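An overview of the molecular structure
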Amino acid sequence: METNFRQTHAMDKAERYEAFLEQFIPLIEGETHTISVLANTCAALKEAFGFFWIGFYLVEDDKLILGPFQGSVACYSIRKGRGVCGTAWAEGRSIVVPDVDRFPGHIACSSLSRSEIVIPLLTTQDEVRGVLDIDSDQLDMFDDIDRKYLEKVAHLLVETLYK
Ligand code: SME
């Protein structure tokens, strides 16, 4: 398997996500081990977009538990309804936070995080199996383009892992 997720910055964001998906779909196709697939997803997104922190929190009983990630150490567990991740889980929807200091209850794993996007891994039965969490060290880094394509990534992961 040979992949190269590094990208040229001449492309706009949507083009970069399209190019990412072209390689990401075959990367995870037919793979069923959750930790392996999520770990490679973090590596691929990190390589393609250079995100400050990217990782997964997975639902276990009444908590989200830290899963595969790339970046500095992070909190081990998050309760439902807490922080951005716990809120995305409780509400079953993606959340874009342009300024983490303005999100009541935001959990600061790193004081350098400035903006954040959280996408639930939502099954066709509307069950949340985990969340994809991406942090930036700059304000207002994520928008509807990120949301649209990262929801696509989450959908592909759910189809591969939780069908
Ligand atoms: N900021 C998140 C916690 C996880 S870290 O960003 C890695 C939140 O408020 O849920």
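Scroll up a little and you will see the structure.
Structural notes, computed from the coordinates. Predicted, not measured: the structure shown is a model, and the values here were computed from it.

1. Brief notes about the overall build of the protein
The helix and strand inventory of the protein stands at four helices and six strands. In the protein, the succession of helices and strands from N to C terminus is α-α-β-β-β-α-β-β-β-α. Relative to a compact globule of 163 residues, whose C-alpha radius of gyration would be 15 Å, the protein shows 15 Å and is just as compact. Counting only C-alpha atoms and orienting by the principal axes, one finds that the protein spans roughly 40 × 35 × 25 Å.

2. Some remarks on the packing of helix α1 (residues 13–28) against helix α4 (residues 144–161)
Axis separation between α1 and α4 bottoms out at 10 Å; the angle between their running directions is 5°. When the axes of α1 and α4 are compared, the pair comes out roughly parallel. Across the interface between the two elements, Lys13, Ala14, Tyr17, Glu18, Phe20, Leu21, Phe24, Ile25 and Ile28 from α1 touch Ile145, Asp146, Tyr149, Leu150, Lys152, Val153, Leu156, Leu157 and Thr160 from α4. Here the residues of the contact of α1 with α4 sort into 13 nonpolar, one polar and four charged.

3. Let's talk about the site of the ligand
Taken together, 13 residues form the shell around the ligand, and within it Val84, Cys85, Ile107, Glu116 and Asp135 come nearest. In the model, a nitrogen atom of the ligand is placed 3.0 Å from a nitrogen or oxygen of the glutamate 116 side chain. One nitrogen or oxygen atom from the side chain of aspartate 133 is found 3.3 Å from an oxygen atom belonging to the ligand. Surface burial for the ligand is 99%, taken as the share of its 310 Å² of free accessible area covered by protein chains. Those elements that place two or more of their residues in the shell around the ligand are β1 (53–60), α3 (83–91) and β6 (128–136). Looking at the shell around the ligand element by element, the count peaks at three residues for α3. Its residues assigned to classes, the shell around the ligand comprises eight nonpolar, two polar and three charged.

4. Brief notes about a negative patch on the surface
The grouping of Asp12, Glu15, Glu18 and Glu22 at the surface amounts to a negative patch. Mapped onto the fold, aspartate 12 is located in the segment before α1.

5. So, the packing of aromatic side chains
Tallied over the entire structure, the rule returns nine aromatic pairs. For the pair tryptophan 53 and phenylalanine 69, a centre-to-centre distance of 5.4 Å together with 20° between the ring planes defines the contact as stacked. A residue pair is termed long-range when its members are at least 10 positions apart, and tryptophan 53 in strand β1 and phenylalanine 69 in strand β2 (residues 63–70) qualify at 16 residues. Among the residues examined, tryptophan 53 registers a relative accessible area of 6% and is labelled buried. Residue classification places phenylalanine 69 among the partly exposed positions, given a relative accessible area of 30%. Cluster of aromatic residues (ring-pair linked, three or more members): Phe5, Tyr17, Phe20, Phe24, Phe49, Phe51, Phe142 and Tyr149.

Calculation criteria
Residues numbered from 1 in each chain as written. Predicted model: local features only at pLDDT ≥ 70, side-chain atom pairs only at ≥ 80, totals over all residues. Heavy atoms only, no water. Helix = DSSP H or I, 4+ residues; strand = E, 2+ residues; numbered from the N terminus. Rg over C-alpha atoms; globule rule 2.2 N^0.38 Å. Axes fitted to C-alpha atoms, helices over the stretch in contact; angles between N-to-C directions. Parallel < 35°, antiparallel > 145°, perpendicular 65-115°, else oblique. Contact = heavy atoms within 4.5 Å. Nonpolar A, V, L, I, M, F, W, Y, C, P; charged D, E, K, R; others polar. Near = heavy atom within 4 Å. Polar contact = N/O pair within 3.5 Å; in protein donor to acceptor, adjacent residues only side chain to side chain. Areas by Shrake-Rupley, 256 points an atom, 1.4 Å probe, with all protein chains shown as cover. Patch = residues over 30% accessible without salt bridge, like charges linked within 9 Å, V, L, I, M, F, W, Y side chains within 5 Å. Salt bridge = Lys/Arg side-chain N within 4 Å of Asp/Glu carboxyl O. Lys, Arg positive; Asp, Glu negative; His and termini not counted. Charge placed at Lys NZ, Arg CZ, Asp CG, Glu CD. Phe/Tyr/Trp six-rings, centres within 6.5 Å; stacked < 30°, edge-to-face > 60°. Buried < 20%, exposed > 50% of the residue type's maximum accessible area, 1.4 Å probe, protein only.

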